[in-house]
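# Per-entry structural report
These are the residues of each chain, in order.
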Amino acid sequence: MPKQEQKFKTMCGGQALIEGIMMRGPKKQAVVVRKPDGELEIEEKELNLVKDKHPMLGWPLIRGVVNFTDSMYNGVTALMFSAQFAPEEGEEEEPSKFEAWLDRRLGSEKAAAFFTTLAVILGMAMSIGLFFLLPTLLGTAVTVLTPSMLARNLAESLLKILIFVTYLAICSRMGEMRRVFSYHGAEHKTIFCYEAGLPLTVENVRRQPRHHPRCGTSFLFMVIAISIVVSTVIFAVWPVYNAFLRFLAHLAMLPLIVGVSYEINRWAGRHDGLFTRLFIAPGLWLQNFTTFEPDDSMIEVGIKALELVLPEKKGEDAW
């Protein structure tokens, strides 16, 4: 029986990639990708957190928006890095004229930063359009049946949840995404093994659960749930009937919603108990769509990525 240390909660966390995992610790970030030949490609970097230069950005509510944006950017950057090592099908495509022009004008690093920023903006725009604009537009159909603001708020709330769950369910059925979600499972299991104080071995990691309370899936559900509560209260006090103005109101409330969701998710991740378990249950259930059981090779990637970002001083990564 392996020696077990005292359990604790770590701030280390990660993201599943294409045949790989990104892990972030208190001071370092590591990306580990399994190449087609079976070897591991590793990229490490020191973290320069913006809150270290501007302490105000680390304040409650504000830090949620900052961390979410930072996670989006770093996540897309890591995803693009992992895509370089994906098995090629057919001949490699030549860069477009625009890509070649941008590379000449800005240089390869700045061009890559441009495309990463563009991908983040487009990703955020798609998420806002899918989970906020679409329910707002579809919710106007209720006005044909009743002018009740309560009925319209309820319809939009149900549509937000339905669209979100349907989106995750569709993604989970896609072959390539299932492998990404299996790496997601490996990431969670590795974190659990470390938090349990067990040696990071494939055998120990394999025995861990794959649903983690501090997962990004749970955070996104929290954003949807908080947006429902906030918008219902706001529109009950200040009714807005025009669909476009309602969407602008949703957009204006989004930074506050993300900030509140982050603080709640942070609190839930630090506490145990019946209330907390009930509170995080919907997010854990949704992870049935976004995490799958990994194979041993995926677990090896998770272990390597986590080992690279663990702090030298024990306990420095405590949540």
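Read on for a plain summary of the structure. These figures come from a predicted structure and were not determined experimentally. (Residues numbered from 1 in each chain as written. Predicted model: local features only at pLDDT ≥ 70, side-chain atom pairs only at ≥ 80, totals over all residues. Heavy atoms only, no water.)

## Digging into the sheet that holds strand β1 (residues 13-17)
To keep things clear, this is the line we draw: We call two strands paired when DSSP finds no fewer than two bridges between them. Put simply, DSSP H or I for four residues or longer makes a helix, DSSP E for two residues or longer makes a strand, and each gets a number counted from the N terminus. Axis geometry follows a simple rule: fit a line to the C-alpha atoms, using only the stretch in contact for helices, then measure angles between N-to-C directions, giving values from 0 to 180 degrees. Any two residues having at least one pair of non-hydrogen atoms within 4.5 Å are treated as being in contact.
Within the open sheet, the 4 strands sit side by side as β1-β2-β3-β4. Their pairing is antiparallel. This sheet does not close on itself; its edge strands, each paired only once, are β1 and β4 (40-46). The average undirected angle you get between the axes of adjacent strands in this sheet is 15 degrees. Strand contacts of helix α11 (residues 296-309): β2 (20-24), β3 (28-34) and β4, with the helix running at about 160 degrees to β3, the strand carrying the most contacts.

## Comments concerning the nonpolar core
Operational definition: To form a nonpolar core, buried Ala, Val, Leu, Ile, Met, Phe, Trp, Tyr and Cys residues must be joined to one another through side-chain atoms within 4.5 Å. Throughout this description, buried means an accessible area under 20% of the type-specific maximum (1.4 Å probe, protein chains only), exposed means over 50%, and partly exposed covers the range between.
Residues F131, F132, F164, F235, I257 and L286 are the most contacted members of the largest nonpolar core, which totals 25 residues. Contributing elements (two or more residues each) for this core: α4 (108-139), α5 (149-172), α8 (216-237), α9 (243-270) and α10 (274-290). Broken down by element, the residue count for this core peaks at 9 residues, all from α8. If sequence neighbours within four positions are ignored, F235 has contacts with M149, N153, V240, R246, A249, H250 and M253. Of all hydrophobic cores here, the second largest spans 24 residues; its members include V32, I191, C193 and L308.

## Topic: the packing of aromatic side chains
Each aromatic ring pair is specified by the distance between its two centres and by the angle formed by the two planes. Stated formally: Geometry of aromatic contacts follows a simple scheme: Phe, Tyr and Trp rings, the Trp one being its six-membered ring, pair when their centres are within 6.5 Å, and the pair is stacked under 30 degrees between planes, edge-to-face over 60, tilted otherwise. For a Lys NZ or an Arg CZ to count as sitting over a ring, it must be within 6 Å of the ring centre and within 35 degrees of the ring normal.
Counted under the stated rule, the structure contains 7 aromatic pairs. Arranged with centres 5.4 Å apart and planes meeting at 75 degrees, the rings of F8 and Y194 form a pair that is edge-to-face. Of the two residues, F8 is situated in the segment before β1 and Y194 in helix α6 (residues 175-195); the sequence distance between them amounts to 186 residues. Ring geometry for F81 against F85: centres 5.2 Å apart, planes inclined by 70 degrees, an arrangement best described as edge-to-face. Like F85, F81 is buried. We note R178 situated over the ring of F292; from NZ or CZ to the ring centre the distance is 4.0 Å. We note R246 situated over the ring of F235; from NZ or CZ to the ring centre the distance is 4.2 Å.

From the geometry alone we can't say anything about function, so treat these as descriptive.
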